[in-house]
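Here is how the chains run, residue by residue.
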Amino acid sequence: MTSRTAWQALAQHPLGFLASAWPWRALAYLLSGVVFGAIAMVTLLIMAAAGLVSLIVGVGAVLLLAVALSGIVVTRIERRRLRLVDPDPAPDPHRAPERPGLRGWLETRLREPATWRELSFTAVSMTALWWMDLLVLAFALALPVLLMTSPMDDPSAWPWLVIGLCLLPAAPYTITAWAGARAALTRLILAPRDGELGRELTEVRASRARLVDAFDAERRRIERDLHDGAQQRLVSINVMLGLAGLDAEPGSPVARQLALAQGEVTLAVDELRELSRGVHPKALTDHGLAAAVGNLTTRSALPVAVDIRLPYRLPATVESTGYFVVAEALANASKHSRATRAEVHARLDADVLTLSVRDNGVGGADPAAGTGLVGLADRVAAADGRLRISSPAGGPTLLCVELPCR
């Protein structure tokens with residue numbers, strides 16, 4: 001198994017670790033930390049002191065501004081040094097300036113939380129971290145060397161030689177352990193892996209929301225095409241058959257065939273109208289969730305009590321998701337639960353739509369049984385919502401959905 005960091009190499013291969021490059025990389029990381037930390041501390045202290053002294057003449061403000069933005073430079077070098085013990089790239093959290101030029105760059109950087117987080121890290125690094133690097137190096141390397149050389153001045157101090165020889169083999173472990181801890185702290189502050197995953201998750205959610213919006217737009221287009229295209233053509237054909245029936249001799253075979261054809265076309269128009277409603281009901285677009293659910297329940301095979309009270313129209317994605325939750329829940333209740341009645345309840349509380357559908361059926365609804373609940377859960381999740389189902393054997397079944405309306 002390949003080690004991604006010095007810390008992982010130390011934990012996974014305690015013996016083989018000594019023959020790898022990781023101890024030397026950890027040593028380089030701490031040595032460079034001491035050198036860079038000392039130089040940065042002296043430089044920033046001089047700049048801060050000069051800025052305070054010359055503040056009265058205006059030049060100091062520029063120096064103090066440079067000190068405030070120094071974390072950007074310091075952490076950029078820290079991210080590069082981090083590659084010594086943690087090869088994973090540490091991305092730059094700063095966004096591109098909103099406007100071109102130095103002023104736009106300054107305005108963007110001063111408003112970014114990352115700038116002040118990096119300044120805080122710089123302060124911690126200057127006051128503590130590089131001192132800790134120095135202390136660890138002194139304890140791991142300088143102390144054993146001093147102990148081993150002590151008998152040169154005092155032969156009776158030979159026990160210190162033994163202690164020094166015992167401490168020296170532990171130096172790679174001590175140095176690497178602290179280097180790993182320091183690198184983990186640096187990444188946690190400057191470029192957390194969880195932050196990267198969080199951004200990726202945000203992108204996935206945004207992509208999923210765009211797919212849902214595109215799917216709803218396509219459904220509306222299909223509904224419009226069915227209503228304005230095929231349905232209107234069938235209605236025209238129905239009228240033409242009726243007119244032809246008027247010209248045919250009553251009771252003749254032609255009149256009977258025309259009447260039969262007209263009945264079939266009428267049935268096809270009704271079925272197409274029902275299909276277009278199921279694709280995306282016009283009432284949902286024109287009047288909102290309450291009206292669309294009301295129309296849906298009038299065509300339901302079950303008696304349904306509807307209690308939907310919303311103070312205003314909700315986002316289109318939320319209304320569409322809520323409607324299809326109700327439609328799927330009532331369809332399941334009619335087909336599988338042997339229910340005799342159902343209830344639909346919806347309220348808006350703190351920008352969250354809480355929608356519930358209850359029926360008095362036999363219960364036992366199981367998403368794994370292929371009743372459409374899996375697709376329903378996916379649809380709710382795509383809207384960043386949450387679906388809960390309570391359906392004990394013997395009933396009743398309660399389906400509750402929470403949809404954020406942000």
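So, here's what we can say about the structure. (Residues numbered from 1 in each chain as written. Predicted model: local features only at pLDDT ≥ 70, side-chain atom pairs only at ≥ 80, totals over all residues. Heavy atoms only, no water.)

1. Quick notes on the packing of helix α2 (residues 22–53) against helix α6 (residues 113–149)
Here's step 1: Contact pair α2 / α6: the axes reach a minimum separation of 8 Å and the direction vectors enclose 140°. Comparing their axes, α6 and α2 come out oblique. The interaxial crossing formed by α2 with α6 has left-handed handedness. Between α2 and α6, the residues in contact are L27, L30, L31, G33, V34, G37, A38, A40, M41 and L44 and T122, M126, W130, W131, D133, L134, V136, L137 and L141, respectively.
Here's step 2: Split into classes, the residues belonging to the contact of α2 with α6 amount to 15 nonpolar, 3 polar and 1 charged. (Axes fitted to C-alpha atoms, helices over the stretch in contact; angles between N-to-C directions. Helix = DSSP H or I, 4+ residues; strand = E, 2+ residues; numbered from the N terminus. Parallel < 35°, antiparallel > 145°, perpendicular 65-115°, else oblique. Left-handed = near helix turned anticlockwise from the far one by under 90°. Contact = heavy atoms within 4.5 Å. Nonpolar A, V, L, I, M, F, W, Y, C, P; charged D, E, K, R; others polar.)

2. What to know about the pairing of strand β4 (residues 386–390)
Here's step 1: In the sheet, β4 pairs with strand β5 (residues 397–404) via 5 bridges, with the strands oriented antiparallel. Across the sheet, residue I389 finds its bridge partner in β5, namely L399.
Here's step 2: In this antiparallel pair of consecutive strands, β4 and β5, the connection spans 6 residues, and G394 shows a positive phi of 95°. (Pairing = 2+ DSSP bridges.)

3. Overview of the sheet that holds strand β3 (residues 352–359)
Here's step 1: The 5 strands lie next to each other as β1-β2-β3-β5-β4, forming an open sheet whose pairing is mixed. Across the chains shown, the open sheet's two edge strands, defined by having one partner strand only, are β1 (304–309) and β4. Each strand of the sheet is rotated relative to its neighbour by a mean of 10°, with strand direction disregarded.
Here's step 2: Across the sheet, helix α12 (residues 289–298) lies against β1, β2 (342–349) and β3, angled at about 175° from β1, the strand it touches most.
Here's step 3: The sheet strands contacting helix α13 (residues 316–336) are β1, β2, β3 and β5, and the helix crosses β3 at an angle near 10°.

4. Thoughts on the pairing of β3
Here's step 1: In the sheet, β2 pairs with β3 via 8 bridges, with the strands oriented antiparallel. By the bridge assignment, D349 is partnered in β3 with V352.
Here's step 2: Turn length for the β2-β3 hairpin, with the two strands adjacent in sequence and antiparallel, is 2 residues, and the turn residue A350 shows positive phi of about 55°.
Here's step 3: The sheet contact formed by β3 and β5 spans 8 bridges and is antiparallel. Pairing of V352 across the sheet is with P404, part of β5.

5. What about the nonpolar core?
Here's step 1: Formed by 34 residues in total, the largest nonpolar core has its most connected members in Y323, V326, V344 and L353.
Here's step 2: Listing elements by their share of this core, those giving two or more residues are α11 (282–287), α12, β1, α13, β2, β3, α14 (373–382) and β5.
Here's step 3: Counting residues per element, this core draws most heavily on α13, which supplies 8 residues. (Core = buried A, V, L, I, M, F, W, Y, C linked by side-chain atoms within 4.5 Å. Buried < 20%, exposed > 50% of the residue type's maximum accessible area, 1.4 Å probe, protein only.)

6. A short note on the packing of α2 against helix α4 (residues 70–82)
Here's step 1: The contact between α2 and α4 brings their axes to 11 Å, and the two run at 170°. Considered as vectors, α2 and α4 are oriented roughly antiparallel to each other. Judged by residue contacts, Y29, S32, G33, F36 and L44 of α2 engage S70, V74, I77, E78, R81 and L82 from α4.
Here's step 2: The residue makeup of the contact of α2 with α4, split by class, is 6 nonpolar, 3 polar and 2 charged.

7. Points about helix α3 (residues 59–68)
Here's step 1: The set of residues buried in α3 consists of G60, V67 and A68. Down the axis, α3 shows its buried residues gathered within 100° of arc, on one side only. For α3, the exposed residues lying more than 90 degrees away from the buried face are V59 and V62.
Here's step 2: If you follow the buried residues of α3, they end up packed against α2, α4 and α6. (Arc of directions from axis to C-beta.)

8. A closer look at the packing of aromatic side chains
To describe a pair of aromatic rings, you give the distance between the ring centres and the angle between the ring planes.
Here's step 1: Across all of its chains, the model carries 2 aromatic pairs by this definition.
Here's step 2: Measuring from ring centre to ring centre gives 4.3 Å for W130 and W131, while their planes differ by 35°; the resulting arrangement is tilted.
Here's step 3: A residue is classified by how much of its surface remains accessible, and W130, at 6% relative accessible area, is buried.
Here's step 4: Residue class for W131 comes out partly exposed when judged on its relative accessible area of 40%.
Here's step 5: Ring centres 5.2 Å apart and planes at 85° place the aromatic pair Y323 and F324 in the edge-to-face group.
Here's step 6: For R25, the ring lying beneath its charged end belongs to W22, and the centroid distance is 4.5 Å. (Phe/Tyr/Trp six-rings, centres within 6.5 Å; stacked < 30°, edge-to-face > 60°. Lys NZ or Arg CZ within 6 Å of the ring centre and 35° of its normal.)

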